[in-house]
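Each chain, written out:
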Amino acid sequence: MKKRSRSSALTISKWVKRQILRYQSPTTGLFPCDLSHPSPSEAHVRDSLYCAACVWALSSAYKRIDDDKGRTHELSQSAVKCMRGILACWMRQADKVEKFKQSQSTKNALHSKFYLVTGDPVHKDDEYEHLQIDCVALYLIFLVQMIQSGLQIIFTTDEVNFVQNLVFYVERAYRTPDYGMWERGSSYNNGVTEMHASSIGMAKAALEAVNGSNMFGGSGTNYSVVFIDIDAHYRNRMTFDTMLPRESASKNTDASLISAVSWPAFGIHEEALMNRTLEKVQRKLRGRYGFKRFLRDGAYTEAEDKNRKYYRQGETNTFDGIECEWPLFCCYFIIDSVYKGDQEKVEYWQNELKPLLKPSVDGDVLPRYYYVAKEDLEAEKAHPGSQERHPSSEGENNNFFLWGQSVYIISQLLVDNLLTKHELDPVRRYLPASKRPKGSKRYSAFQSSPTDLVIQVTLIAESVRLQQMLATYGIQTQTPHQIEPIQIWPPSELVKAYEQLGVNEKLGLKGRPPRPIGGLGTAKIYRACGETFLCYPLLFEVSDFYLSQDMQFVIDDIKSDLKFLGKCWKLAGRPTFCMLIREDNLRGHSARYIFDLLAQFKRGDCDGIKIRLGRLQEFISSACIEHLDFLSLDFTDDTAFHPFMEKDMGKQFRSLTDIPQMARVEESASTDLWDDPQECENSYAQVQMLQVLLNREGLYFRVHNVTVEEKLEKISLRAGTRRQWAVVRYAASLLGKVVDSLAPSITAILVRGKQVTLGAFGHEEEVIDKPISPDDIRNILYTRCYPFDVVQAVLQQELVLSIGRVITTNPELFNGILKIRIGWIVQAMQLELNYRSELHPGADSPTLKEVAYLSPTEIKRLLLHVLTPMTEQHDDRSVIWNRQLSGALNRVPQNFYDRMWTVLERTPAGLKVSGYHLPQQPTLSDMTEYELNFSLLVELMLSKIADPAYRQIIVEAFMVVATLLDRNPELSFSKPVDMDKIVNEAFEMFQKDRSQREEEEKQDSMNSFYNSPANLKHGTTSYIARAALNLLLEGEINRTQDLSCVLS
């Protein structure tokens, strides 16, 4: 290193010693989080992590100096001491980690603040906002980076196991509302958690960094490797991408996103989305003195009441425009510019930061924040940016903001070329996955999305006789015996294997929770203890839920799984799809659907997805391989795992006609209620009679030694073979059945930024805004649906499953739909059937009249049909039908919620719809424009409307009112805006004009109004505009210009 560089390094080394290291605890290695206190005694994990990163970065810079006088070792060991100190504090809370894995509750969160000397928790579980997913994820990121650089931080297998459990802790960030980086939860500071994009992005980055990483470094062994759930990573990635550039429901953007999308996490590599996120942070939060943390942030302002922990309702409006500005984030942008190789931006941010620093004898000091003085608050609010801000007390009396000071020093090491970006990021997080150094090939590794992905499909027949019969039709399969020594595992066995990951009896850790393995996880080939095995997907598991009786539905699910793999696979190697074929799949009419699918496989293309069909042994070399080195069981022990075994089915089949139909179940002779039904109507009637018996006597009441439950099961099975789907659903609902993958499907919807409601149309609904347990879902279905419509309890489950798959592969179909109301979607599908019945009035088939009579496949296709926008279908639906459909789907126009904010700003007395009053205050005081919570509040108001067509008219009316207000800024409403009154008055004018034109009497029904196009001479828009204008003219008008010129 040149003499000048040596001098610079020595100068910064003195800074680090005087500003950072002098405050490190000699016992725990932690750093204080508040040096303004005369005797600082508390440490925060996040602050300590950045201090450790700063010291480690300087040690990396010193590696270039031939004679560093021991500084490299001293600095690196200081970083190790801090990392191990945090680890020790958390390991003492291992019981919390175990509880948190089962239920992501705030009371089970790892603590973030500890006493500096002892490492004991500072606060009790309910005294502080401990749940900060980003904090744990940040620890994992820096841990991997430091280990990769050569530091030895993890010493024992106990510690390896604990780190593995930290991975379990963060991997469900996509479904865990937390308090975020600022420990305040929502922007209202009311103690409520919410989903934070920054936390999810940090968790996603941590999972990528730690995957396949050896905690013992280069000298590690197989059992010191950490694994991740690839499907959990996908859900975090999808949720993160969906939320950006928004931070949360209450924060339209947040400065915490900088560290999530750029250094140190580098949580996203899609350049357009990353730039959009950072540009929004700068546009919304930047000031002359740095960046606001988020809008209406009252922390450290002179207007904040320091004696209260939480704010009162509407209090955040007090801080609008006077938020503190933090120079810290300029340092982040300096580092970001270095990694982007943009020297011009580096100099720009350096120049922006320079006047914000405080000079001192210990080197430049970065203030924590700049604030508006108490006497200047009103002037600043009246004229934003007009008042000088004052720095916080850092630099005085040995007071430093250690987090900010550490990031500042790191940025200067990079700017002065004392530290390279590779040294600060040894695992190359800043690069796309495909350009990072390759690790051990024993473990799956991330890569960028393949441009020409091929999915390997292997066909496994459950028996030799099924294999031979399929061969007569030109379909080549393998049996479990023929692929030996490779094994086929059910997904439940793979779950059982992963339960051994991270187990540690001494710490009370039980390993991975028994959660299902998703489609990405089952597409790997696994090796453990000398054995090789492949897991078939969850959809091939035998289920007692009736969907498996509809082979078309199963085939659609297979295609959806393949499409999902083709779209979401980001691992090195090809995905391998194991299709398990059972004899039950080929009974009756099911065979032709299977053959059609296999024919597509043979052609190498399945609905646009490239397929390679072949023998499993041929796929090993090109597959994605995962070595489960944590497994140490004897695979010869029959009690350990149970691979899928080949079945001996007896005599051979020569053709499909030899496969017997579903066997008839023998029953006790009886001529009463228990006789076998012969017709569909009788079957339905019998199920209804059994419902009466069930209500009176219970599910286990016996007649002729047969329980009500057994009888319902038999009727359901028999009705399924006869495709009597209404009977099947009725019986399944009476039996209280719930499909296995319901909770993951709801999660798939939620990660797309939507809400779900369950409940019968026209009755009270339950809103689901965060993932819940299967038991909770079952309780909602059988309390909100069953009492009003028995069949809906299972029909809505079908729709949740289908929507979960559709929104994963075709999210654009849900544009404009914020709240997915399942009961209303059922109504939309029923309206479509009614419309078809009108087109075919002579058809008597019940499948053209009631949704419950449709097969699961027809349900899914009808769902896709009603979701597809009109412009794509080019059909001739009537105007009223389109309004009914849009209303039933709860679809709104683009920018609708933004226009609603504009309307509310101009209506001091608020808005009224169907008896619900949305007040202007404290709504506008509590919330900010473009915030998701405001959109949800608008949806809550609209949910009070019972008629889909009327809901759509109300939505159109709001857009008309917004347009009038935009064009006429001098107009405002002085009274509450009653939208029902506006629509009713518009309808009256419509009827009056129509009766004059067509000489028709007035009607009570509004159908003719609903069926009128919006933008014609006598369309609904003109009448709504006239009615709204009448109401406007009753209010106060600021006559800034001639009224005749502005009314348009």
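Residues numbered from 1 in each chain as written. Predicted model: local features only at pLDDT ≥ 70, side-chain atom pairs only at ≥ 80, totals over all residues. Heavy atoms only, no water.

## Some remarks on the overall build of the protein
Tallying secondary structure elements over the protein gives 38 helices and 24 strands in all. Compactness check: the protein gives a C-alpha radius of gyration of 32 Å against a globular reference of 31 Å for 1048 residues, within 12% of the reference. Within the span of the protein, comprising 1048 residues, buried residues form 59% of the whole. Summarising the internal contacts of the protein: among those between residues at least 6 apart in sequence, 73% fall at separations of at least 24. Total accessible area on the protein is roughly 42300 Å²; 48% of this is exposed by carbon and sulfur atoms. (Helix = DSSP H or I, 4+ residues; strand = E, 2+ residues; numbered from the N terminus. Rg over C-alpha atoms; globule rule 2.2 N^0.38 Å. Buried < 20%, exposed > 50% of the residue type's maximum accessible area, 1.4 Å probe, protein only. Contact = heavy atoms within 4.5 Å. Areas by Shrake-Rupley, 256 points an atom, 1.4 Å probe, with all protein chains shown as cover.)

## Considering the pairing of strand β15 (residues 609-613)
Bridge analysis of strand β7 (residues 454-461) against β15 gives 4 bridges, and the strand direction is parallel. When the bridges of β15 are listed, Ile 455 appears paired with Ile 611. One ladder, built from 2 bridges, connects strand β14 (residues 605-606) with β15; its direction is antiparallel. Bridged to Cys 606 within β15 is Ile 609. (Pairing = 2+ DSSP bridges.)

## Describing the sheet that holds strand β20 (residues 766-768)
Sheet strands pair by backbone hydrogen bonding; their relative direction is either parallel or antiparallel. Spatially, β20-β19-β21 is the arrangement adopted by the 3 strands of the open sheet, whose pairing is mixed. Either end of the sheet is taken by a strand with one partner, and the two such strands are β20 and β21 (819-821). Across the sheet, the mean angle from the axis of one strand to that of its neighbour is 25°, orientation sign disregarded. As paired strands, strand β19 (residues 755-758) and β20 are joined by 3 bridges and run antiparallel to one another. Bridging across to β20, Leu 758 finds its partner in Glu 766. Against the sheet, helix α25 (residues 774-784) makes contact with β19 and β20, and its axis sits at roughly 45° relative to β19, the strand it touches most. (Axes fitted to C-alpha atoms, helices over the stretch in contact; angles between N-to-C directions.)

## Let's talk about the nonpolar core
Core analysis: the biggest nonpolar cluster contains 198 residues, and Trp 263, Met 579 and Phe 601 have the highest contact counts within it. In contact with Met 579, not counting residues within four places along its chain, are Thr 458, Leu 459, Ile 460, Phe 540, Ile 558, Ile 594, Leu 597, Leu 598 and Phe 601. (Core = buried A, V, L, I, M, F, W, Y, C linked by side-chain atoms within 4.5 Å.)

## Regarding the sheet that holds strand β12 (residues 531-535)
Across the sheet, 4 strands lie side by side as β8-β12-β11-β16; this open sheet has mixed pairing. Only two strands of the sheet have a single partner each, and these edge strands are β8 (487-489) and β16 (625-627). Looking at each pair of strands side by side, their axes are set apart by 35° on average, direction ignored. Pairing geometry for strand β11 (residues 525-528) and β12, over 4 bridges, is antiparallel. Directly across from Tyr 526, in β12, lies its bridge partner Phe 533. Packed on one face of the sheet, helix α17 (residues 491-498) meets β8, β11, β12 and β16 and runs near 90° to β8.

## Considerations on the packing of helix α35 (residues 979-998) against helix α37 (residues 1020-1033)
Relative orientation of the contacting elements α35 and α37 amounts to 130°, with a least axis distance of 8 Å. For the element pair α35 / α37, the angle class is oblique. For the pair α35 and α37, the sense of crossing is right-handed. Of the residues in α37, those touching α35 at Ile 982, Glu 985, Ala 986, Met 989, Phe 990, Asp 993 and Arg 997 are Tyr 1023, Ile 1024, Arg 1026, Ala 1027, Ala 1028, Asn 1030 and Leu 1031. Grouping the amino acids of the contact of α35 with α37 by side-chain chemistry returns 9 nonpolar, 1 polar and 4 charged. (Parallel < 35°, antiparallel > 145°, perpendicular 65-115°, else oblique. Left-handed = near helix turned anticlockwise from the far one by under 90°. Nonpolar A, V, L, I, M, F, W, Y, C, P; charged D, E, K, R; others polar.)

## Some points on the domain arrangement of the protein
You can read the domains of the protein as domain 1 (1-435), domain 2 (455-639), domain 3 (683-733), domain 4 (738-869) and domain 5 (895-1034). Residue-level contacts link 9 residues of domain 3 with 15 residues of domain 4. Here domain 3 and domain 4 share an interface that buries about 970 Å² over both sides, 57% of which is from carbon and sulfur atoms. Of all residues in domain 3, Trp 725, Arg 729 and Ser 733 bury the most surface against domain 4, accounting for 61% of the area lost on that side. For the pair domain 3 and domain 4, the number of links is 1 salt bridge. Linking Glu 798 and Arg 729 is a salt bridge whose minimum nitrogen-to-oxygen distance equals 2.5 Å. Those elements that provide at least two residues to the side of domain 3 that touches domain 4 are α21 (680-697) and α23 (725-734). In terms of residue count, α23 provides more of the side of domain 3 that touches domain 4 than any other element does, 6 residues in total. Residue composition of the side of domain 3 that touches domain 4, grouped by class: 5 nonpolar, 2 polar and 2 charged. (Domains from an automatic or database assignment. Buried area = accessible area lost by both parts, 1.4 Å probe. Salt bridge = Lys/Arg side-chain N within 4 Å of Asp/Glu carboxyl O.)

## Observations regarding the pairing of β11
Linkage of β11 to β12, two consecutive antiparallel strands, is achieved through a turn of 2 residues, within which Cys 529 is found at a positive phi near 55°. Of the strand pairs in this sheet, β11 and β16 are connected by 3 bridges, and their pairing is parallel. For Tyr 526, the partnering residue across the bridge sits in β16 and is Glu 626.

## Topic: the packing of helix α5 (residues 133-148) against helix α7 (residues 197-210)
One can describe the packing of α5 onto α7 by two numbers: an axis separation of 8 Å at closest approach and a directional angle of 30°. Classified by the angle between their axes, α5 and α7 sit roughly parallel to one another. Relative to α7, the crossing made by α5 is left-handed. The residues of α7 that touch α5, namely those facing Ile 133, Asp 134, Ala 137, Leu 138, Leu 140, Ile 141 and Val 144, are Ser 198, Ser 199, Met 202, Ala 203, Ala 205, Ala 206, Ala 209 and Val 210. Residues of the contact of α5 with α7, tallied by class, amount to 12 nonpolar, 2 polar and 1 charged.

## Focus: the side chain of Ser 224
Structurally, Ser 224 is set in the loop between α7 and α8 (230-243). On the accessibility criterion, Ser 224 (0% relative accessible area) is buried. Apart from the residues within four sequence positions on either side, Ser 224 is in contact with Val 160, Ser 213, Asn 214, Met 215 and Phe 216.

## Thoughts on α7
For α7, which comprises 14 residues, the first-to-last C-alpha distance of 20 Å matches the rise-based estimate of 20 Å (1.5 Å per residue) to within 8%. Along α7, 14 of the 14 residues are buried, which leaves the element largely enclosed by surrounding structure. Among the residues trailing α7, Gly 212 stands out with phi positive, at a value near 75°. (Expected span 1.5 Å × (residues − 1).)

## Some remarks on the side chain of Arg 883
Relative to the helices and strands, Arg 883 is located in helix α30 (residues 879-889). There is a polar contact of 2.7 Å between the side chain of Arg 883 and the backbone oxygen of Ser 1012. Once residues within four sequence positions are removed from consideration, Arg 883 is found in contact with Pro 948, Ala 949, Gln 952, Ile 953, Glu 956, Phe 1009, Tyr 1010, Asn 1011, Ser 1012, Pro 1013, Ala 1014 and Thr 1020. (Polar contact = N/O pair within 3.5 Å; in protein donor to acceptor, adjacent residues only side chain to side chain.)

## Digging into unusual backbone geometry
The omega angle of the peptide bond from Leu 244 to Pro 245 is 5°, so this bond is cis rather than trans. Looking at the element boundaries, Pro 245 is found in the loop between α8 and α9 (256-261). Across the junction of Gln 921 and Pro 922, the peptide omega takes the value 10°, indicating a cis bond. Mapped onto the secondary structure, Pro 922 falls in the loop between β23 (916-918) and α32 (923-926). Positioned with a positive phi, Tyr 300 is a non-glycine residue whose angle comes to about 70°. You can see Tyr 300 is positioned in the loop between β4 (290-291) and α11 (328-339). The backbone phi angle of Asn 895 is positive, close to 65°, even though this residue is not glycine.

## Brief notes about the pattern of salt bridges
Tallied over the full model, the rule gives 48 salt bridges. Linked by salt bridges that have partners in common, Asp 557, Asp 561, Arg 805 and Lys 860 make up one network.

## So, the environment of Asn 1011
Note that Asn 1011 resides in the loop between α36 (1007-1010) and α37. C-alpha of Asn 1011 to C-alpha of Phe 294: the two residues are 717 residues apart in sequence and 46 Å apart in space. With near-sequence residues (within four places) excluded, Asn 1011 lies in contact with Ser 878, Val 879, Ile 880 and Arg 883.

## Things to note about the environment of Ile 455
As for its position among the elements, Ile 455 is in strand β7. In the structure, Ile 455 is positioned 318 residues away from Ser 773 in sequence and 32 Å away in space, judged by C-alpha atoms. Not counting chain neighbours up to four residues away, the residues in contact with Ile 455 comprise Leu 562, Leu 565, Gly 566, Pro 575, Phe 577, Ile 609, Lys 610, Ile 611 and Arg 612.

## Topic: the packing of aromatic side chains
Aromatic ring pairs: the centre-centre distance and the angle between the two ring planes describe each pair. Tallying each qualifying case throughout the model produces 50 aromatic pairs. When the ring of Tyr 50 is compared with that of Phe 142, the centres are 5.9 Å apart and the planes differ by 80°; the resulting orientation is edge-to-face. Within this pair, whereas Tyr 50 is found in helix α2 (residues 45-62), its partner Phe 142 is found in helix α5, the two being separated by 92 residues in sequence. Across this residue pair, the class does not change: Tyr 50 and Phe 142 are buried. (Phe/Tyr/Trp six-rings, centres within 6.5 Å; stacked < 30°, edge-to-face > 60°.)

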